[in-house]
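If you want the building blocks of each chain, they are given just below.
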Amino acid sequence: MRFLPVKGGRAGGAGLESVSIDRLTVDLGGARILDEVSLTVPAGCFATLLGPSGSGKTTTLNVLAGFTDPGSGDVRIGGRSLTGVPPHRREIGVVFQNYALFPHLSVGRNIEFPLLARKVDRATRRERVAEALRLVHLPDVADRSVRSLSGGQQQRIALARALVFAPQLLLLDEPLAALDKQLREAMQLELKRIQRETGTTTIAVTHDQVEALSMSDIVAIMQDGKIVQVGSPEEVYRRPATRFVAGFLGEANLLPVVDGKTALFGNPVDGSGTTVLRPEDLELTAADHPGTVAATVTEVVYQGARLRLTVAADGTPIVVSAVPGDLAHRPEIGDAVGVRHRGGELRALADA
Ligand SMILES: Nc1ncnc2c1ncn2[C@@H]1O[C@H](COP(=O)(O)OP(=O)(O)OP(=O)(O)O)[C@@H](O)[C@H]1O
């Protein structure tokens, strides 16, 4: 489903615009909050800014929405600069963590609001609101009060309101953070479906790496007001550029590179310094298995689908993630085991 723009003069329909963020710098309260942040999001892509608290994600979104003026730098949508364009003229849909719905208005009135602001005629408004409700799979709630809906339903309504006027860009600020884990995971799939169906170029903010990896086409990792790596979810997870990215995106065994090979395991590494071995890239074997590193189990954590083991190999703690069904027997603390790397390309990390 693709909404047509509510105002004429724009080719292509909703969201089919690329977004380019060019060297944004923001200083607030005497501190540098954003430091030359640049990112290009191709038309129709879902990009996520991922980083710890205070890394500058929300500030970046606020600049895009027009709520914060950058000291320098520029944002362009479809090649047009947003500098000097007030928030309400940016044609950007925004969904916040706390939904920001109007509690005294019905669901239908909430969704209609951006259309009223754009002076869309009544018949088109009705059509659009119905279409937006179908898009979020809540076709029958237009007359309900917002307060009577669950958190997950309210978030769908917030999304319907953000998309109903066919924005050129959709911004999502921790949109699922207020939901419980199960609902959050279901809504991740829903958000992705809706984004795909409308083709709206989207930039989301989260500090949840699983959410970022599962929803995005592009992940931009932020640290201390800078973007430190941009890539597909697989690129940033498999080939993190720095120690920080390696550790932030999941469990990472950091091993020194000695003479072009990993310490302990001896796999060839492109570069020097340190490399990362993910726990699922390591395999547990019998203690005396040829070609493995001798180790002792120091911790076993049952995680349902996987078993997380910590072993000590030559004094170095190594985390191994195993599928319980792949193991001949459940290892116990104190067991002597062998560990080997399953193979694959390894790259050295930059020292940041
Ligand atoms: N108006 C302001 N004045 C001074 N400092 C600010 C202001 N707004 C934000 N900051 C600071 O800027 C830094 C980045 O904040 P920002 O909200 O962008 O981070 P974030 O990555 O979104 O974090 P979170 O995940 O906690 O929302 C923080 O250190 C914050 O304290």
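All values reported here derive from a predicted model rather than from experimental measurement.

### Overview of the sheet that holds strand 19 (residues 348-349)
Hydrogen bonds along the backbone pair up the strands of a sheet, which may run parallel or antiparallel. Across the sheet, 4 strands lie side by side as 12-11-13-19; this open sheet has antiparallel pairing. Of all the strands in the sheet, just strand 12 (261-262) and strand 19 have a single pairing partner and so form its edges.

### A short note on the site of the ligand
Residues in contact with the ligand, as listed here, are L28, I33, P52, S53, G54, S55, G56, K57, T58 and T59. Within the backbone of G56, a nitrogen or oxygen atom sits 3.0 Å from an oxygen atom of the ligand. Separating an oxygen atom of the ligand from a side-chain N or O atom of T58 is a distance of 2.8 Å. If one sorts the elements of the shell around the ligand by residue count, helix 1 (residues 57-65) sits on top with 3 residues.

### What about empty space enclosed by the protein?
Summed over the entire model, instances satisfying the criterion amount to 2 cavities of 30 Å³ or more. Estimates place the volume of the largest cavity at around 90 Å³. For the lining of the largest cavity, the class distribution of residues is 4 nonpolar, 1 polar and 6 charged. The space that makes up the second largest cavity amounts to roughly 40 Å³. Looking at the second largest cavity, the residues that line it are T58, L61, N62, A65, F67, V94, F96, L171 and D173. For the lining of the second largest cavity, the secondary-structure elements that each account for two or more residues are helix 1 and strand 7 (169-173).

### Topic: the confidence of the model for the chain
Overall, the predicted model of the chain reaches an average pLDDT of 90, with 95% of residues at or above 70. Between residues 7-13, whose pLDDT stays under 50, and residues either more than four places distant or in other chains, the model counts 9 contacts. The ipTM for the predicted assembly is 0.94, set against a pTM of 0.90.

### Examining the layout of surface pockets
Size it by volume and the second largest pocket reaches roughly 360 Å³. Counting only elements with at least two residues in the lining of the second largest pocket, the list comes to helix 2 (107-117) and helix 3 (122-135). Per-element tally for the lining of the second largest pocket: the top contributor is helix 3, with 7 residues. Across the lining of the second largest pocket, the residue classes tally to 5 nonpolar, 2 polar and 7 charged.

### Overview of the side chain of E174
As for its position among the elements, E174 is in the loop between strand 7 and helix 5 (181-198). It is K57 that comes nearest to the buried, bridge-free E174 among opposite-charge side chains, at 4.8 Å. If we skip the residues at most four places from it in the chain, E174 touches K57, Q97, V205, T206 and H207.

### Quick word on unusual backbone geometry
Here the phi dihedral of E174 falls at roughly 45°; this positive angle occurs in a residue that is not glycine. For E174, a relative accessible area of 11% puts it in the buried group. The phi torsion at L264 lies on the positive side, around 65°, for a residue other than glycine. In this fold, L264 is placed in the loop between strand 12 and strand 13 (273-277). According to the relative accessible area criterion, L264 is partly exposed, its value standing at 31%.

### Focus: the nonpolar core
One finds V107, I111, L133, I157, L159 and L172 to be the most contacted residues of the largest nonpolar core, which totals 33 residues. Counting only elements with at least two residues in this core, the list comes to helix 2, helix 3, helix 4 (151-163), strand 7 and helix 5. In terms of residue count, helix 4 provides more of this core than any other element does, 6 residues in total. Sequence-distant contacts of I157, that is, excluding residues within four places in its chain, are made with L101, V107, I111, L133, L138, V141 and L149.

### A look at the pattern of salt bridges
The full count for this structure, using the stated rule, is 18 salt bridges. Between E197 and R193 there is a salt bridge, and its shortest N-O distance comes to 3.0 Å. A residue pair is termed a helical-turn pair when its members lie 3 or 4 positions apart in one helix, as E197 and R193 do in helix 5 at 4 residues. A relative accessible area of 30% places E197 in the partly exposed class. Given the relative accessible area of 13%, R193 is considered buried. Each of R156, E190, R193 and E197 takes part in salt bridges that share partners, so that together they form one network.

### Focus on the packing of helix 4 against helix 5
Their axes nearest at 11 Å, the elements helix 4 and helix 5 cross at an angle of 20°. It follows from the interaxial angle that helix 4 and helix 5 lie roughly parallel. As helix 4 packs across helix 5, the resulting crossing turns out to be right-handed. Between helix 4, through G152, Q155, R156, L159 and L163, and helix 5, the contact on the second element is made entirely by L183, M187, E190, L191, I194 and T198. Per-class residue counts for the contact of helix 4 with helix 5 are 6 nonpolar, 3 polar and 2 charged.

### Description of the pairing of strand 17 (residues 316-322)
The element strand 17 is extensively covered by neighbouring structure, given that 5 of its 7 residues are classed as buried. Of the strand pairs in this sheet, strand 16 (residues 307-313) and strand 17 are connected by 7 bridges, and their pairing is antiparallel. Counterpart to L309 in the pairing with strand 17 is V320. In this structure, the hairpin formed by strand 16 and strand 17 is closed by a connection of 2 residues, where D314 is found at a positive phi of approximately 55°.

Thresholds, definitions, all that
- Residues numbered from 1 in each chain as written.
- Predicted model: local features only at pLDDT ≥ 70, side-chain atom pairs only at ≥ 80, totals over all residues.
- Heavy atoms only, no water.
- Pairing = 2+ DSSP bridges.
- Helix = DSSP H or I, 4+ residues; strand = E, 2+ residues; numbered from the N terminus.
- Near = heavy atom within 4 Å.
- Polar contact = N/O pair within 3.5 Å; in protein donor to acceptor, adjacent residues only side chain to side chain.
- 1 Å grid on protein atoms, 1.4 Å probe; cavity = no way out; pocket = protein on both sides within 12 Å on 5 of 7 lines; lining within 4 Å.
- Points joined across faces, edges and corners; volume = space filled by probe spheres on them.
- Nonpolar A, V, L, I, M, F, W, Y, C, P; charged D, E, K, R; others polar.
- pLDDT = per-residue confidence, 0-100.
- Contact = heavy atoms within 4.5 Å.
- Buried < 20%, exposed > 50% of the residue type's maximum accessible area, 1.4 Å probe, protein only.
- Lys, Arg positive; Asp, Glu negative; His and termini not counted.
- Salt bridge = Lys/Arg side-chain N within 4 Å of Asp/Glu carboxyl O.
- Core = buried A, V, L, I, M, F, W, Y, C linked by side-chain atoms within 4.5 Å.
- Axes fitted to C-alpha atoms, helices over the stretch in contact; angles between N-to-C directions.
- Parallel < 35°, antiparallel > 145°, perpendicular 65-115°, else oblique.
- Left-handed = near helix turned anticlockwise from the far one by under 90°.

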